[in-house]
Amino acid sequence: MKRRKSSSVRSSPPCLPRPAPSEQPARLEVWEPDDGEMIALVDTGSFTHAIDADAELPDHDVEPCDPDAPGTSAETAGGGILKKLGVVRTKGLIDDTEVEIAWDHMKVSTPILSVRKLVKEGNDVHINKNGGHIVNLATGKKMRIHNFQGVYYLRMKIASGKSSAPPHKPDFHRPGQ
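All figures in this text were calculated on a predicted structure; none of them were measured in a lab.

Draft legend 1. The pairing of strand 10 (residues 142-148), seen in detail. Of all seven residues in strand 10, five are buried, a share of seventy percent or more. As paired strands, strand 9 (residues 131-136) and strand 10 are joined by five bridges and run antiparallel to one another. The residue of strand 10 that forms the bridge with His133 is Arg144. Between strand 9 and strand 10, which pair antiparallel and follow one another directly, the connecting turn spans five residues, one of which, Gly140, has a positive phi of 80°. In this antiparallel pair of consecutive strands, strand 10 and strand 11 (residues 151-158), the connection spans two residues, and Gln149 shows a positive phi of 55°.

Draft legend 2. Fine view of the packing of aromatic side chains. One pass over the structure, following the stated rule, counts zero aromatic pairs. Lying across the ring of Phe47, Arg116 places its NZ or CZ 4.0 Å from the centre.

About the criteria used
- Residues numbered from 1 in each chain as written.
- Predicted model: local features only at pLDDT ≥ 70, side-chain atom pairs only at ≥ 80, totals over all residues.
- Heavy atoms only, no water.
- Buried < 20%, exposed > 50% of the residue type's maximum accessible area, 1.4 Å probe, protein only.
- Helix = DSSP H or I, 4+ residues; strand = E, 2+ residues; numbered from the N terminus.
- Pairing = 2+ DSSP bridges.
- Phe/Tyr/Trp six-rings, centres within 6.5 Å; stacked < 30°, edge-to-face > 60°.
- Lys NZ or Arg CZ within 6 Å of the ring centre and 35° of its normal.

Following this line, the structure appears as structure tokens:
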């Protein structure tokens, strides 16, 4: 019996068959946000909700933070460090559900919602191959999570920083009333 030579190069794992179209996760049909809407990444690894308030919320006030206080930086998945520049508080709508979110103002390219923080704030978060949903435990209201190319996002509308009310919900009127 011949012995195989040991090699420092590992062989690739066998390729797995691609799932049938019916088994693939549902994808957003329209990826571009609607007017007044933004897309936020739902991140299971993040410890904080993060947004670049200068880019995404220019009409909102940012509460400054002490740059030397503990918890004023975060590490990215790639090992980079992001500095917390302040806190911005918003009101808005996700699937016609009113939400209030305190974001850490950080120089991120996409707004990030932390699953850990969502759970700590009284929500259940359910993620599956089709996307998922967030359930507010106090109200029972459900908000959809969308799967786009294997990454999870929420579509949300944020009220103007000059307004204390969430964005206007469309009124529903029955014909003849």
